[in-house]
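Results of the structural survey
Chain by chain, the residues:
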Amino acid sequence: MMMLTKKMIEIRGLLQTVGQSESLTLPSIVVIGSQSSGKSSVLEAIVGHEFLPKGSNMVTRRPIELTLVNTPDAQAEYGEFPALGLGKVTDFSQIQKTLTDLNLAVPASQCVTDDPIQLRIYSPNVPHLSLIDLPGYIQVTGRDQPPELKEKIAELCERYIQPPNVILAISAADVDLANSTALRASRKVDPRGERTIGVITKMDLVDPDRGASLLSDKKYALRLGYVGVVCRVPANATGSKLFNRGNGNITNAIAKNENAYFSSHAEFGPESHLDTGTNNLRKKLMHVLEQTMAASLKTTGEAIQRELAEATYEYKVQYNERPLSAESYLAESLDAFKHSFRGFTDQFGRQQVRELLKQELDQQVLNLLAQRYWNKPFEDLSAPLPESDPLSSLAKADPEGEQQIWQIKLDSSSAALTKLGVGRLATSVVASALQAHIDRLVSVSRFSAHPFARQAISEASTSILRDLSYDIADELEICIKPYKYRIEVEDNEWTKGRENVANVLKDELKVCESAVKRLEDQVGGRKRVRDVMAFIDRVRSGQVVLEGDGIGGAGGFSAALLQKGREAVFLRDRVDVLKMRLLAVKSKQCANKKNKYHCPEVFLDAVADKLTTTADLFLDAELLSKFYYIFPRELDARLGRGLSQSEIDRFAREDPKIRRHLDVVRRKELLEHVLKEMESLRQLEAREKRYTARR
Ligand code: GDP
């Protein structure tokens, strides 16, 4: 008997995790009663502990789904809130406090909700039972309570007392049964009294003959009958030191008290055939629950079969029966990503690093040339240098020292290039390129729909690159140190530099020319740009004096136009210089490295090329190969082994498509599991039948 109920209650619990479908459940016992009818006292007498919230201000705001689990071999009694993950709570006053808190968490404005609290109580002293405690009916609404509270409670109770649930209708003996809200509510949904158990509390408060007549009530006759109880915990029990209120077991104290009462009144004697006492009530509840659950098994089983067929169909049609778990999804995604990463590493090697670095250094060379050569016209070298220029004193002292000035200029430019901080610059250029590639790989991978994984991957690469870069930049700087003192350029290097820099200048020329074109379009035509430029040229040559720097515009041009004009003048000058230098680089003079002081472009390019060669070799060996080794392992650590089950679930469920797929798989598995459990229940049932038949 016990085993069957236990199994059925387990199945009921399993069904709860499958989802909210009306037909997918097994019946439970629903407890209703008016406030102060003694409802809590009855439940506590059944459990043997005080654990329900107390207080005049309606503290039951949510249904409590109470599952009692008989643990015959265990000594300990404890409760569990499966949804909260608090573990075993052995202190029943702690259970009471948690229930109160959970109830009070429902905002007063909402007053009641049908979101149930699940509580399991394990004890050798409880029967296997599944009970639902509902908020008590109220007659009048309190001043600080919302006016619709009364209806809301009634509606909530009505939803729960539908078939096939068993109704435990609590009424107090000292209130006229005709006025019992619980019995009235139950009569509405169970007019023939087939699934209601009447409980009359506070039997000690009325005369025994009146009490006895209540238990044999004919006006609302119940097939399952009425049970009379006295559930008050005697004062001497709670007061004694041995009895720790809230934690000690009150079963015996109540039973003793009840026995004393009912056996001292002949009205309740054996001949009366009246049902009295909490112990009897317990037995009745077990019996009725088992019968009701067993009666529901067939329909529930069919409902499960239907649901399973539906889930199986969906699994087949929508997902092609592709099995999926959060773990397998993560593992597959990670493998695919690592695969695409390996593909990338094959394509991004020393050659690619070299191109990146050369481009960057070409730009640095252009900047240096502009700063140190081009912005001062070449022909104009004889003109007095500004006092601030260190070369000025030299030039003054020795007008013949032109050659020397060119020499110093080139040496200092080349030194500026080698002392640029190439170690840091090159490392960061390559590290940023790697990071950008990783981000691109992520964005085209499955992980793109997973913010959590995206972040984990991005953090992995950033932190590895940061750690590696720190030392590598310094080491690279040491590698290029010799170039800081002396640079020898070979003939073939010179030729190569000359070719390369000509291309760089050509490209730069193109960039400038298209910038000019853009500017003309913005300003409104070439003519207009020419007019502004002519005006600015006149200002520069001192023919026109600008007032207030032309902030408010000048010469009929707006300030914005003048600004554009200045940009145009700059670009024109740059284009002129570039064309001139391009001719110089291509000239015979620059074919010979002996003339290097007059061909700084070629020389600086050759220096940049040497720096690049050192850097790409070093970065390929240090940064790339180390990163390529560490990164996939770091991914495994962060997204593989390092994740907890709940993190893996959270990850997989981030993608709505995967979430739906996982839900179907889970539902199907759960339903199959429930069906298997039901099958074993049938076997258990058959065995019990054989056993009773043999006896
Ligand atoms: P609830 O509001 O329906 O949960 O009612 P309670 O269980 O809190 O009981 C209301 C009051 O009635 C409390 O003061 C209880 O001590 C008291 N009470 C409950 N059952 C009995 C009983 O059988 N006899 C007597 N005399 N008092 C009882």
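Residues numbered from 1 in each chain as written. Predicted model: local features only at pLDDT ≥ 70, side-chain atom pairs only at ≥ 80, totals over all residues. Heavy atoms only, no water.

1. Brief notes about the state of the cysteines
Convention followed: Working definition: a disulfide is two cysteine sulfur atoms within 2.5 Å of each other.
Taken as a whole, this structure holds 1 disulfide when the rule is applied. Disulfide partner of C590: C599, at an S-S distance of 1.9 Å. When the S-S torsion is -100°, as for the bridge of C590 with C599, the disulfide is left-handed.

2. Some words on helix α2 (residues 39–47)
For the record, the criterion: Think of it in three bands: with a 1.4 Å probe and only protein chains considered, a residue is buried below 20% of the maximum accessible area for its type, exposed above 50%, and partly exposed in between. Strands here mean DSSP runs of E at least two residues long; helices mean DSSP runs of H or I at least four residues long; both are numbered from the N terminus.
Among the 9 residues in α2, 7 count as buried, and that is most of the element. G48 sits one or two residues past α2 and shows a positive phi near 90°.

3. Some points on the nonpolar core
Nonpolar side chains tend toward joint burial in soluble globular proteins. Test applied: Definition used in this section: a nonpolar core is a set of buried Ala, Val, Leu, Ile, Met, Phe, Trp, Tyr and Cys residues joined via side-chain atoms within 4.5 Å. What makes two residues a contact is simply this: any of their non-hydrogen atoms within 4.5 Å.
Core analysis: the biggest nonpolar cluster contains 98 residues, and L434, F447, F627 and F631 have the highest contact counts within it. The leading source of residues in this core is helix α19 (residues 600–641), at 17 residues. Not counting chain neighbours up to four residues away, the residues in contact with F631 comprise F337, F341, I438, I457, A460, S461 and I464. Among the nonpolar cores identified, the runner-up in size contains 62 residues, and V229, I254, V288 and A303 belong to it.

4. Overview of the pairing of strand β4 (residues 117–123)
Looking down a regular strand, the side chains alternate between one sheet face and the other. The condition that has to hold: Being paired, for any two strands, means DSSP has found at least two bridges between them.
Within β4, 5 of the 7 residues are buried, which leaves the element mostly enclosed by the surrounding structure. In this sheet, β4 lies alongside strand β2 (residues 64–70) in parallel orientation, the contact comprising 7 bridges. Bridged to V69 within β4 is Y122. Of the pairings in the sheet, the one linking strand β3 (residues 78–80) to β4 comprises 3 bridges and is antiparallel in character. Of the residues in β4, the one forming a bridge with G79 is I121.

5. Some thoughts on the site of the ligand
Quick note on the threshold: Note on terminology: near, applied to a residue and a molecule or strand, indicates that one of the residue's heavy atoms is within 4 Å of it. Polar contact criterion, stated in full: a pair of N or O atoms within 3.5 Å, where within protein one must be able to donate a hydrogen and the other to accept it, and residues adjacent in sequence count only if both atoms are side-chain atoms. Accessibility throughout is a Shrake-Rupley quantity obtained with a 1.4 Å probe, and a residue counts as covered only by protein chains that appear here. Three categories are distinguished: nonpolar for Ala, Val, Leu, Ile, Met, Phe, Trp, Tyr, Cys and Pro, charged for Asp, Glu, Lys and Arg, and polar for the others, with Gly belonging to the last.
Contacts to the ligand come from 14 residues, most closely from S36, K39, S40, S41 and C231. The separation between an oxygen atom of the ligand and a polar main-chain atom of S37 is 3.1 Å. Contacts to the ligand include K39, whose backbone N or O atom sits 2.9 Å from an oxygen atom. Burial of the ligand by the surrounding chains reaches 74%, relative to a free accessible area of 580 Å². A per-class count over the shell around the ligand returns 3 nonpolar, 7 polar and 4 charged.

6. Structural notes on the sheet that holds strand β6 (residues 166–172)
If you trace the 9 strands from one edge of the open sheet to the other, you get β3-β4-β2-β5-β1-β6-β7-β8-β9, paired in mixed fashion. The sheet is open, and its two edges are formed by β3 and β9 (275–276), each paired on a single side. Here β6 runs beside strand β7 (residues 196–201); their pairing, made up of 6 bridges, is parallel. Looking across to β7, one finds that S171 is bridged to I200.

7. Focus on the pattern of salt bridges
Which entries qualify depends on this criterion: Salt bridge, as used here: a side-chain nitrogen of Lys or Arg that lies within 4 Å of a carboxyl oxygen of Asp or Glu.
Going through the model one piece at a time under the given rule, you end up with 45 salt bridges. Salt-bridge contacts for K358 lead to D605; the nearest nitrogen and oxygen are separated by 3.1 Å. Here K358, found in helix α11 (residues 350–374), pairs with D605, found in helix α19; they are 247 residues apart in sequence, far enough to count as distant. In this structure K358 comes out as buried when scored by relative accessible area, which is 10%. Given a relative accessible area of 3%, D605 falls into the buried group.

8. Things to note about the confidence of the model for the protein
Convention followed: The score called pLDDT rates the predictor's confidence residue by residue, from a low of 0 to a high of 100.
On average, the protein scores 88 in pLDDT, and the residues at 70 or more come to 92%. Here residues 238–246 scores under 50 on pLDDT; set against residues more than four positions off or in separate chains, the count is 12 contacts. Across residues 377–386, confidence stays below pLDDT 50; counting only partners more than four residues off in sequence or on other chains, it has 11 contacts. Across the interfaces of the predicted complex, the ipTM metric reaches 0.99, alongside a pTM of 0.65.

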